[in-house]
Amino acid sequence: MKTNKKRPGPVVQMLRWIATLLLLVFVLVIVVQLTGARLVVSGSEMSPSLIGGDTVIINRISYLFRSPKRFDVIAFPFQYQEDTWFERRVVGLPGETIQILDGMIYINGVGIAIEEGLTVPDNGGLASKPITLGQDEYFVLCDNPDGGSDSREPSVGNVKKQSIVGQVWFRVWPFDRIGLVR
């Protein structure tokens, strides 16, 4: 015996589609709140990688399972001003000796190749002389070293692992620059 099942009308199908989309957005918001954080970039310290007004998602769980790698962009609070966050690029890893001299970055006495976007600072600051990092310390630089504070200055210094909030992972705004942060 053949049964005639009535197909839902276009309005019902549209409402189901909207409900599914809203559920997906709700689940994504919950996942981001539990595993990430949203941060609005201010200033040009990380230009051209990040510019003022960019909204980024910080992956707060990645460093629970692994340590930051060289050239990761990390987020950490500025120790001298409440509600101020820095996004900086990791250059030196725990136990390494860092020196910035004559427009070159030296790690353990060997000049390193620089990632695209990172500019080597002319002023080595604290790193004009060799700095040996502790077992839980990272040396960070701005991509635009003339634009802000980084590990070359005493106000920032070496960043301890427990201070790192997470990896700056994904730009969500502006839409024309949406994508992974490198």
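These numbers were taken from a predicted model, which means no experiment stands behind them.

Engineer: Describe the pairing of strand β6 (residues 104-107), and please don't skip the residues or the numbers.
Structural biologist: Residues Ile-105 and Ile-107 of β6 are buried on one face, while the alternating residues Met-104 and Tyr-106, pointing to the opposite face, are not. Sheet topology places strand β5 (residues 97-101) next to β6; 4 bridges connect them, and they run antiparallel. When the bridges of β6 are listed, Ile-100 appears paired with Ile-105. Bridge analysis of β6 against strand β7 (residues 110-111) gives 2 bridges, and the strand direction is antiparallel. The residue bridging Tyr-106 from the neighbouring strand is Gly-111, located in β7. Connecting β6 to the next strand, β7, in antiparallel fashion are 2 residues, including Asn-108 with a positive phi near 55°.

Engineer: Summarise the packing of aromatic side chains; cite the residues concerned and give the values.
Structural biologist: Considering all chains together, one arrives at 4 aromatic pairs under this definition. Between Trp-169 and Phe-170 the ring centres are 5.5 Å apart and the planes differ by 40°, which places this aromatic pair in the tilted class. We classify Phe-170 as partly exposed; its relative accessible area is 23%. Aromatic ring contacts, followed pair by pair, group Phe-76, Phe-78 and Phe-86 into a single cluster.

Engineer: So what's going on with the pattern of salt bridges? Residues and values would help.
Structural biologist: When the charged atoms of two side chains lie near each other, side chains of opposite charge can form a pair. Tallied over the full model, the rule gives 8 salt bridges. Its salt-bridge partner being Arg-177, residue Asp-54 comes within 3.1 Å of it at the nearest N-O pair. Remark: Arg-177 occurs in the loop between β11 (166-173) and β12 (179-180) and Asp-54 occurs in the loop between β1 (36-40) and β2 (55-59); sequence separation between them is 123 residues. Assessed through its relative accessible area of 1%, Asp-54 is described here as buried. Taking relative accessible area as the criterion, Arg-177 reaches 26% and is therefore assigned partly exposed. Residue Asp-150 pairs with Arg-152 through a salt bridge whose shortest N-O separation is 2.8 Å. Asp-150 sits in the buried class, given a relative accessible area of 0%. Classification of Arg-152 as buried rests on a relative accessible area of 7%.

Procedures and definitions
Residues numbered from 1 in each chain as written. Predicted model: local features only at pLDDT ≥ 70, side-chain atom pairs only at ≥ 80, totals over all residues. Heavy atoms only, no water. Buried < 20%, exposed > 50% of the residue type's maximum accessible area, 1.4 Å probe, protein only. Helix = DSSP H or I, 4+ residues; strand = E, 2+ residues; numbered from the N terminus. Pairing = 2+ DSSP bridges. Phe/Tyr/Trp six-rings, centres within 6.5 Å; stacked < 30°, edge-to-face > 60°. Salt bridge = Lys/Arg side-chain N within 4 Å of Asp/Glu carboxyl O.

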